[in-house]
Each structure stands twice: as structure tokens, then as C-alpha cells.
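Residue-level structure breakdown
In case you want the letters, here they are:
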Amino acid sequence: MNFSNEEILRYSRHLIMPEVALAGQARLKAARVLCIGAGGLGSPVALYLAAAGVGTLGIVDFDVVDSTNLQRQIIHSTADVDRPKVESAAERLHGINPYITVRTFDTQLTSDNALGIIREFDIVVDGSDNFATRYLVNDACVLEGKPYVYASVYRFEGQASVFATAGGPCYRCLYPEPPPPGMVPSCAEGGVLGVLPGLLGVIQATEAIKLVLRTGDTLAGRLLLVDALSMRFSELKLSRSPDCPVCGDHPTVHELIDYEEFCGVRGEEHDDGLSVPEIGPAELKRLLDSGEDLLLLDVREPHEREIVHIGGHFIPLGDLPERIHELNSAHQIVAYCKSGVRSARAVEFLRSAGFRRVRNLRGGINAWAELVDPSLPRY
Amino acid sequence: MIRIRVQLPAHLRTLAHVAGEITVQIDGTVTQRSVLDALEVNYPTLRGTIRDHITHRRRAFVRFFACGEDLSLESPDTPLPEPVATGREPFLVVGAIAGG
């Protein structure tokens, strides 16, 4: 593979390392790496792979840039808000390295398109944000025989590994089934330290580059746990499960399935999967304005109430079982949280305790701020 | 009584209203079952999150590790490694997260 003089100069710090050298840089240039998501993890992954000279970089993302992304999704800038993420990312990547090809897929990865997209790449790096996509990516990688570079983050903690290599475990060997909807909060609901996906994304980029260079020991067969709060890195051994339905000795999954059904929801970030009585912000406003005898119940945490609240009784969800006596089951109650996920669990709990006139504020206080009172901040 | 160190994933620490590593007191042989039983007695909100409410079997989206080894497929009554049983190493409960 030929490199121009400009490329030789650009990659000089690689070329003078015997572990990379011209042959390794040529491998990088010939490599085709697919990034699932241009978010918190996908940003550093794509930025470093582009800078490293990975010749063909694919990016799949159906979303547009939102203000709340900018705290950690460093591939996008303030001026990119409302632009498609793949468009914003591609522009930035070309700015970093004009010698690479960026292929954008402005679409949601689904069971219908995943195999076709993944087939065109050598390595898949997963920066998705929900369980359904993670199982989809895993199964597609196993079926197509592509290494799956995994990481996930929550608050101060992250996990990373390399799945679906020859003889190595896959994501299903580690977690055969997803948690029930609502049991494990998403970053949108529970938060994430902005630099954490940076830390884990850089680990993913490192693993992808090692896979391309065929050098070093990858995280295949190991799960790396990162605790940013204590800055401790732990390494745990993983093995391929002979009983794994996808990569085991007698696999039962031979084609992609319905992953939203498998995970019980349409993606963890969007829904809590619970079916409880709801009320929309506009309807709640109408009831409050008409003087309806109604109790608002804020089930968020104290530090969230400091940001913004719309009044009402305040009992964090975790305290509800021991403080349920503070509520009157005869009252009409509307529970709210940030986006309606935790308050749905509160409504479910209260209904199981005999409360019949309790409803969930659909979309939470963020929807209230958007639709009823734009003077309030969203978070 | 032996003091066993346990590390929980972030969302379970929130649920149990604890920060950082926790300890549980065990009387007798230190096994997965005795540690988890003690954990659920001390922190009732964790019931059903690590093990199934009824069967007490480990949930499929949770794994147990100690001393770098995956103990998830061991019998719940197998004694835990000596460094865990003497409190030198923690018993790790690791759970699936999906944030990106």
C-alpha cells in the first residue's frame, strides 16, 4: 500500500514504532471499522481511529445532536445541535484526517439491516446505549464472525471487553439475558461522568487498533471493570459458555431475532416497559388550573429537586416503601420524576399497595418544562 | 463471625442506600448463599435484584467474581476462596449496564 509524503509525515510516530511500522500502518489504512453510535463512547473511538489512520470508518447513528450530549460526546460541538450525529461526526473526522473514508449510516441498526452493514466491515465497536442494540450487535458479530469491541458505562463505572473472537466468549456468554425493563437505569436517567465514556472509548479504540495490527493481548476472555471514583481497574476472567445460544456448542440462534421483544421494551432509554395509568403534562395543567384536589408526588433524588421542581410532596423512590404512610390512598396522586421512568415504578408500587387513584406524569418534569412551562430548565 | 467484603454495581448501591464497598457478617462457612442471604437480610431492597425472589437462583444479567475468577457457575454452597472468606479480597457482584 502506498502512502503519500504527507501521510508518511502524519503517521511518523506510528511508523517509527517497530510494533506498527509501515506494515502496521498499511493494515490500519486497509482496515474497515464500524462504530455503532456517535455518542459518548463512539466519539473518542471514532476520533482516535480516524487520527490513527483507519482507512474506512463506518458510523451508524439515527439520532441528532442534543444539548445534553455535549457534556461527553466530544465529536460534536455546540453549533452541531439538531444536526444528524453522523453528519456532524463525519465532518469532524474529515477535519482530523482527510486521508480516510467515512461511511455514514443515518439509520437505526435493526435486525433487518445489521448483517448487511456489519458484513462490509472487519471489526465492530459498540458504543450503543441500550440493551436491545447490544444483543443485536453481539449476535450479528457472532453470525458474521466479526470481533465485537464492547464497552458500557454508568455513572462512575465502566466495563470493557472484546467478544466474538475465535474461541472466545460473546456478550451472551457474560449476560445471557438482559435485565427487566427499568431495573438498571440508563445514563439518561441515572447520569454518567462526562469523561468516563472517554476513558472507556479510548480503551475500545486501543483494542480495535490492536486487532487490526494483530499485536498484543486483547481483552478477549477478560472483562475490564473501571471505577473512576476510586480510579481502580479490575480484570476478571471470562470463558465461552458451551451453553450459549449464539456461540455455544449447540447454538439455537441462527439468525437475528426481535431484540426489542427479547429485551421487553423499545430500548431502555425510551421506555420503562411498565404499563401504568398516565397523565400528560397538558391534562395535568388543566386539572391543576381547575382546582382539582390532586397531590403531586416527586419521587426523584434531593439533588435533582434542587435543579427544578413543580412542588408537591417529596419522597425519593427508594424511600417510598418506608414512607408510604405519608400518603392517603383515597387521594388523587400524580407521581413525577425526570422523564417518567422512576415515577412509573412508583405508580406500580403504590397500585400494588392498594392506591387506585394514582397516575404517572408522562415524560416527567422534562416534558412539563417543554410543553407547559418553558421557563423551567430541562436536564 | 467473619466480616466479608462485598462490592455491588452502582444501581444496586443506590437501591441499598450505600456508598462504596460494604461488609456483611457471616457465621459459619462462607459461600455465595451465605453471603447473599446476609446481604438480603441487611439490605432487604436488594431482594429479587441479584437472585430470583422465589428460586434464589442468580439472575442471568448478574455475575459473581472473586480474586479475578468467575464464580457464577459454581454451586451456591461451594465455599468461597480463602482470600474472600478472610476478608482480604471482596466478593464482586457485577451487573449488566448498557450506557454509551
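About the cut-offs
- Residues numbered from 1 in each chain as written.
- Chains lettered and ligands numbered in written order.
- Predicted model: local features only at pLDDT ≥ 70, side-chain atom pairs only at ≥ 80, totals over all residues.
- Helix = DSSP H or I, 4+ residues; strand = E, 2+ residues; numbered from the N terminus.
- Rg over C-alpha atoms; globule rule 2.2 N^0.38 Å.
- Buried ≥ 20, exposed ≤ 12 C-beta atoms within 10 Å, placed from the backbone.
- Contact = placed C-beta atoms within 7 Å.
- Pairing = 2+ DSSP bridges.
- Axes fitted to C-alpha atoms, helices over the stretch in contact; angles between N-to-C directions.
- Domains from an automatic or database assignment.
- Nonpolar A, V, L, I, M, F, W, Y, C, P; charged D, E, K, R; others polar.
- Core = buried A, V, L, I, M, F, W, Y, C linked by C-beta atoms within 7 Å.
- pLDDT = per-residue confidence, 0-100.

1. Remarks on the overall build of chain B
The helix and strand inventory of chain B stands at three helices and five strands. Shown N-terminal to C-terminal, the secondary structure of chain B runs as helices and strands in the order β-α-β-α-β-β-α-β. Over its C-alpha atoms chain B spans a radius of gyration of 13 Å, differing by no more than 12% from the 13 Å that the globule rule assigns to 100 residues. Principal axes of the C-alpha set define a box for chain B whose edges measure 35 × 30 × 25 Å. Split into buried and exposed, the 100 residues of chain B put 41% on the buried side. In chain B, the share of contacts with a sequence separation of at least 24, taken over all contacts with a separation of at least 6, comes to 56%.

2. Section: unusual backbone geometry
Residue and element names in this part refer to chain A. Here Arg-155, not a glycine, exhibits a phi torsion of approximately 55°, which is positive. With respect to the element layout, Arg-155 can be found in the loop between strand 5 (148-154) and strand 6 (157-163). Phi is positive for Arg-214, close to 55°, though the residue is something other than glycine. Note that Arg-214 resides in the loop between helix 10 (196-213) and strand 7 (222-227).

3. Brief notes about the sheet that holds strand 1 (residues 2-7) of chain B
All names here are of chain B. Within the open sheet, the five strands sit side by side as 2-1-5-3-4. Their pairing is mixed. Lying at the two open borders of the sheet, with one neighbouring strand each, are strand 2 (22-26) and strand 4 (69-70). Here helix 2 (residues 32-42) sits on the sheet in contact with strand 1, strand 2, strand 3 (62-66) and strand 5 (91-95), set at roughly 115° to strand 2.

4. Quick word on the domain arrangement of chain A
What the domain assignment lists for chain A is domain 1 (31-263) and domain 2 (278-371). Of note, the centres of domain 1 of chain A and domain 2 of chain A, computed from C-alpha atoms alone, are 35 Å apart.

5. Regarding the interface of chain B and chain A
On the chain A side, the residues contacting the 22 residues of chain B number 39 residues. Mapped onto the side of chain B that touches chain A, the elements with two or more residues apiece are helix 1 (10-16), strand 3, strand 4 and strand 5 of chain B. The dominant element in the side of chain B that touches chain A, judged by the number of residues it contributes, is helix 1 of chain B, at four residues. Across the side of chain B that touches chain A, the residue classes break down as ten nonpolar, nine polar and three charged.

6. Some points on the nonpolar core
All names here are of chain A. Counting residues in each nonpolar core, the largest one holds 105 residues, and the members touching the most others are Val-33, Cys-35, Ala-46, Leu-49, Val-124, Val-125 and Ala-208. Among the elements that line this core, the one with the most residues is helix 7 (residues 131-144), at nine residues. Counting 22 residues, the second-largest nonpolar core is a separate cluster that includes Leu-284, Ala-335, Cys-337 and Leu-350.

7. As for the sheet that holds strand 8 (residues 232-237) of chain A
Residues and elements named next belong to chain A. Read from one edge to the other, the open sheet built from eight strands follows the order 3-2-1-4-5-6-7-8, with strand pairing classed as mixed. Every other strand in the sheet has two partners, leaving strand 3 (101-105) and strand 8 as the edge strands with one partner each. Across the sheet, the axes of successive neighbouring strands diverge by a mean angle of 15°, strand direction being ignored. As judged from the four bridges shared by strand 6 and strand 7, these two strands associate in the antiparallel manner. Bridge pairing in strand 7 places Gly-158 opposite Val-226. Lying over the sheet, helix 5 (residues 85-96) contacts strand 2 (56-60) and strand 3, oriented at roughly 175° with respect to strand 3. Contacting strand 1 (32-36), strand 4 (123-126), strand 5 and strand 6, helix 7 crosses the sheet at an angle of about 165° to strand 4.

8. Re helix 4 (residues 42-52) of chain A
All names here are of chain A. For helix 4, a buried count of nine out of eleven residues is recorded, marking the element as mostly surrounded by other parts of the structure. If you check which residues of helix 4 are buried, you get Gly-42, Ser-43, Pro-44, Val-45, Ala-46, Leu-47, Leu-49, Ala-50 and Ala-52. Residues of helix 4 that are buried sit in contact with helix 3 (21-30), strand 1, strand 2, helix 5, strand 4 and helix 10. One or two positions beyond helix 4, positive phi appears at Gly-53, with a value near 95°.

9. A word on the confidence of the model for chain B
In the predicted model, chain B carries a mean pLDDT of 95, and the fraction of residues at 70 or more is 100%. Across chain B, element-level confidence peaks in strand 5 of chain B with a mean pLDDT of 98 and bottoms out in helix 1 of chain B with 92.

10. Some remarks on helix 2 of chain B
Listed as buried for helix 2 of chain B are Gln32(B), Ser34(B), Val35(B), Leu36(B) and Leu39(B). Close packing links the buried residues of helix 2 of chain B with strand 1, strand 2, strand 3 and strand 5 of chain B.

11. Quick word on the pairing of strand 3 of chain B
All names here are of chain B. Counted residue by residue, strand 3 has four buried out of five residues, so it is predominantly covered. Where strand 3 lies against strand 5, four bridges are found, and the strand directions are antiparallel. When the sheet's bridge partners are listed, Val-62 is paired in strand 5 with Gly-95. Where strand 3 lies against strand 4, two bridges are found, and the strand directions are antiparallel. If you follow Ala-66 over to strand 4, its bridge partner there is Glu-69. The turn linking strand 3 back onto strand 4 is made up of two residues, and Cys-67 within it adopts a positive phi angle of 55°.

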